[in-house]
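So you can see what is in the structure, the chains are spelled out below.
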Amino acid sequence: MSDALSKAEAAAREAAVDTAAVQIALAAVELAKAAAVQQQATAPPPAPAGSQFNTGKWIAIGLAGSVCAISLALSAIAVAVGAVAVTCCLLVLRSMWRDIRKG
C-alpha cells in the first residue's frame, strides 16, 4: 500500500507542477492580451486620406476659366475690329490725300 501511496503523492506533485505551469502560461497569455490592448489604445489614429474631392471648388474653377477665356476672346475680337477700322480709315485718307495732291 505504501507503493500506492507513493504513486499518489507523485501524481499529486506532478499535478501541482502542471497546474503551476498552466497558470504561468495563462498569465503570459493575459499579459500579451493586455499589452496588445494598451498598444492599440496608445496608437495614433490613422492619418486622414487627404482632402476629399470637392465638386463645388472644381465647378468654380471651371466657371472662372470659362469667363477668362470668353473675356480673352472678346478682347481679341475688339482688337481685330479696331485694326480693320484703322486700316479702312487709313485707306480712305490715303485716297483723299492722292485726290488733293492731283488737284
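All figures in this text were calculated on a predicted structure; none of them were measured in a lab.

Colleague: Residue-level account of the overall build of the protein, with values.
Modeller: In terms of helices and strands, the protein carries two helices and zero strands. Every one of the 103 residues in the protein was classed for burial, and the buried ones make up 0%. Here the protein displays about 9,200 Å² of accessible surface, and carbon together with sulfur accounts for 71% of that area.

Colleague: Account for helix α2 (residues 55-102), naming residues and giving values.
Modeller: A rise of 1.5 Å per residue sets the reference length of α2, with its 48 residues, at 70 Å; its end C-alpha atoms lie 71 Å apart and thus fit the reference within 8%. Near the N-terminus of α2, the side chain that reaches the backbone nitrogen of glycine 56, with its oxygen 3.4 Å away, is that of asparagine 54. The first or second residue beyond α2 is glycine 103, which carries a positive phi of 105°.

Colleague: How would you summarise a nonpolar patch on the surface if you had to cite specific residues and measurements?
Modeller: Together, Val86, Leu90, Val92, Leu93 and Met96 line one region of the surface with nonpolar side chains, adding up to about 470 Å² of accessible area. Turning to its location among the elements, valine 86 is positioned in helix α2.

What counts, and where the lines are drawn
Residues numbered from 1 in each chain as written. Predicted model: local features only at pLDDT ≥ 70, side-chain atom pairs only at ≥ 80, totals over all residues. Heavy atoms only, no water. Helix = DSSP H or I, 4+ residues; strand = E, 2+ residues; numbered from the N terminus. Buried < 20%, exposed > 50% of the residue type's maximum accessible area, 1.4 Å probe, protein only. Areas by Shrake-Rupley, 256 points an atom, 1.4 Å probe, with all protein chains shown as cover. Expected span 1.5 Å × (residues − 1). Polar contact = N/O pair within 3.5 Å; in protein donor to acceptor, adjacent residues only side chain to side chain. Patch = residues over 30% accessible without salt bridge, like charges linked within 9 Å, V, L, I, M, F, W, Y side chains within 5 Å. Salt bridge = Lys/Arg side-chain N within 4 Å of Asp/Glu carboxyl O.

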